[in-house]
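Analysis of the macromolecular model
The chain contents come next:
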Amino acid sequence: MGSSHRLFNRQRTLHQILGGGQVADLILWRRKNLTVGILLVTLAAWIVFERSGYTLLSLVSNVLLLLIVILFLWAKSAAILNRPAPPLPQLHLSEEIANEMTTFIRTRVNDLLSVSQDIALGKDSRLFLKVAAYLWLISIVGGLTDFLTLAYTSLFIVLTVPALYERYEDYIDRYVLKGYNKLCLFYVKINETYVSRVQNWILEKKKLN
C-alpha cells in the first residue's frame, strides 16, 4: 500500500513512529512474552487493589517486607545448615533500555511543554480548543472511574490497539479513508445545498437594503 493510501499520508511505519526501539517492540508485541507478562501482572495488581482495598503504597510495602523477611531467614538458615544461598537472579537494567526510556520520556515531555507554551501565549486557538476538549473528556472519565481502573484500561489500550492496527493496517486505512471521503462529499453536498442558499439569500437582502 502506497503512502497516499495511508492515514495522514504518513511515510513512516507505525514501528518507526513509536520510536523503532524496544519500547515500540513491546507495544507492537514483537516481544510477546514481555508484553503478555506486563498485562497479566497489571491485571493481577488491579484485581488485588479492587478486592482487598489495599492502597498502592501499603501493598508494595507489605510485599517487600514479606520478601525481605523470607530471603533474610533463608540466607541465615542456609549459612547455619551449610546450604546454598537463595538463588537470586542478577537484576540489571541495560544502558540501552535506560537510554531509550529516557529519550522517549524526554521527547514526550518536551512536546507537552511546547504545546503548553503555545497555548499560554495564545498562538494556536485550534490547539487550545483541542486540549480543552481532551481535558474536559478526561475530567468526565475521571468522574466515572477511579485512577487504578483508568490506568489499567489505558495500559491495556496502549498494548493492544497499536498492535491490532499494525496487523490490520491495510483494511483499517482503506475503510477509514473511504468513510472520510464520504464525509467530505456529504459536507460538500450540504454546503452546496444549504450554505450556498443562505449566503445567496443574505446577499439578496443586502442588495435590497
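Note that this is a predicted model, so its numbers are computed, not measured.

Scoring rules and cut-offs
Residues numbered from 1 in each chain as written. Predicted model: local features only at pLDDT ≥ 70, side-chain atom pairs only at ≥ 80, totals over all residues. Heavy atoms only, no water. Helix = DSSP H or I, 4+ residues; strand = E, 2+ residues; numbered from the N terminus. Buried < 20%, exposed > 50% of the residue type's maximum accessible area, 1.4 Å probe, protein only. Contact = heavy atoms within 4.5 Å. Areas by Shrake-Rupley, 256 points an atom, 1.4 Å probe, with all protein chains shown as cover. Patch = residues over 30% accessible without salt bridge, like charges linked within 9 Å, V, L, I, M, F, W, Y side chains within 5 Å. Salt bridge = Lys/Arg side-chain N within 4 Å of Asp/Glu carboxyl O. 1 Å grid on protein atoms, 1.4 Å probe; cavity = no way out; pocket = protein on both sides within 12 Å on 5 of 7 lines; lining within 4 Å. Points joined across faces, edges and corners; volume = space filled by probe spheres on them. Nonpolar A, V, L, I, M, F, W, Y, C, P; charged D, E, K, R; others polar. Axes fitted to C-alpha atoms, helices over the stretch in contact; angles between N-to-C directions. Left-handed = near helix turned anticlockwise from the far one by under 90°. UniProt positions renumbered as here; feature names shortened; annotations may be inferred. Core = buried A, V, L, I, M, F, W, Y, C linked by side-chain atoms within 4.5 Å. Phe/Tyr/Trp six-rings, centres within 6.5 Å; stacked < 30°, edge-to-face > 60°. Expected span 1.5 Å × (residues − 1).

The next point concerns the overall build of the protein chain. Helix and strand counts for the protein chain stand at 8 helices and 0 strands. The order of α-helices and β-strands along the protein chain, N terminus first, is α-α-α-α-α-α-α-α. Across the 209 residues in the protein chain, those meeting the buried criterion constitute 13%. Within the protein chain, counting contacts between residues at least 6 apart in sequence, those at least 24 apart form 53% of the total. Summing over all exposed atoms, the protein chain offers an accessible surface of approximately 17,100 Å²; the carbon and sulfur share of this is 66%.

Positioned with a positive phi, Trp-29 is a non-glycine residue whose angle comes to about 60°. Take Trp-29: it is sitting in the loop between α2 (22-27) and α3 (32-52). For Trp-29, a relative accessible area of 25% puts it in the partly exposed group. Although it is not a glycine, Asn-82 sits at a positive phi angle of roughly 60°. On the secondary structure map, Asn-82 appears in the loop between α4 (56-81) and α5 (95-120).

The next subject is a nonpolar patch on the surface. The grouping of Leu-164, Tyr-168, Tyr-171, Ile-172, Tyr-175 and Val-176 at the surface amounts to a nonpolar patch, some 600 Å² of accessible area in total. In this structure, Leu-164 sits in helix α7 (residues 147-167).

Picture a little ball the size of a water molecule; that probe, rolled over the atoms, points out where space is still empty. Looking at the largest pocket, its volume works out to about 320 Å³. Here the element with the most residues in the lining of the largest pocket is α5; it accounts for 5 residues. Class assignment of the residues belonging to the lining of the largest pocket gives a composition of 8 nonpolar, 1 polar and 2 charged.

Turning to the packing of α5 against helix α6 (residues 125-144), a few remarks are in order. Closest axis-to-axis distance for the α5/α6 pair is 9 Å, and the angle between their directions is 115°. Classified by chirality, the crossing of α6 by α5 is left-handed. Of α6, the residues touching α5 (which contributes Val-115, Asp-118 and Ile-119) are Leu-127, Phe-128 and Val-131. Among the residues making up the contact of α5 with α6, the classes are represented as 5 nonpolar, no polar and 1 charged.

Turning to the UniProt feature "transmembrane region" (unreviewed entry) in the protein chain, a few remarks are in order. The positions that UniProt labels "transmembrane region" (unreviewed entry) are, in the present scheme, residues 33-49, 55-75, 127-144 and 150-168. The span residues 33-49 is 100% helix and 0% strand, and its two end C-alpha atoms sit 24 Å from each other. For the annotated span residues 127-144, helix accounts for 100% and strand for 0% of the residues, and the straight-line distance between the end C-alpha atoms is 26 Å.

Counting residues in hydrophobic clusters, the biggest one holds 8 residues: Leu-14, Leu-18, Ala-24, Ile-27, Leu-28, Leu-39, Leu-159 and Tyr-165. Put simply, the parts of the chain that give this core at least two residues each are α2 and α7. Sequence-distant contacts of Leu-18, defined by excluding residues within four places in its chain, comprise Ala-24, Ile-27, Leu-28 and Phe-104.

What follows concerns the packing of aromatic side chains. As enumerated under the stated definition, the model contains 2 aromatic pairs in all. Ring geometry for Trp-46 and Tyr-152: centres 6.2 Å apart, planes at 15°, overall stacked. Of this pair, Trp-46 sits in helix α3 while Tyr-152 sits in helix α7, placing them 106 residues apart in sequence. With relative accessibility at 27%, the residue Trp-46 sits in the partly exposed group. By way of ring pairs, the aromatic residues Trp-46, Tyr-152 and Phe-156 are connected into one cluster.

Here α5 spans 37 Å end to end across 26 residues, near enough to the 38 Å set by a 1.5 Å rise per residue. Of the residues one or two after α5, Gly-122 is the one with positive phi, at around 65°.

In this section: the pattern of salt bridges. Here the structure, examined in full by the defined rule, presents 1 salt bridge. The shortest N-O distance in the salt bridge between Glu-166 and Arg-30 comes to 2.5 Å. Residue Glu-166 is found in helix α7, and its partner Arg-30 is found in the loop between α2 and α3; the two are separated by 136 residues along the sequence. Its relative accessible area of 44% is what places Arg-30 among the partly exposed residues.

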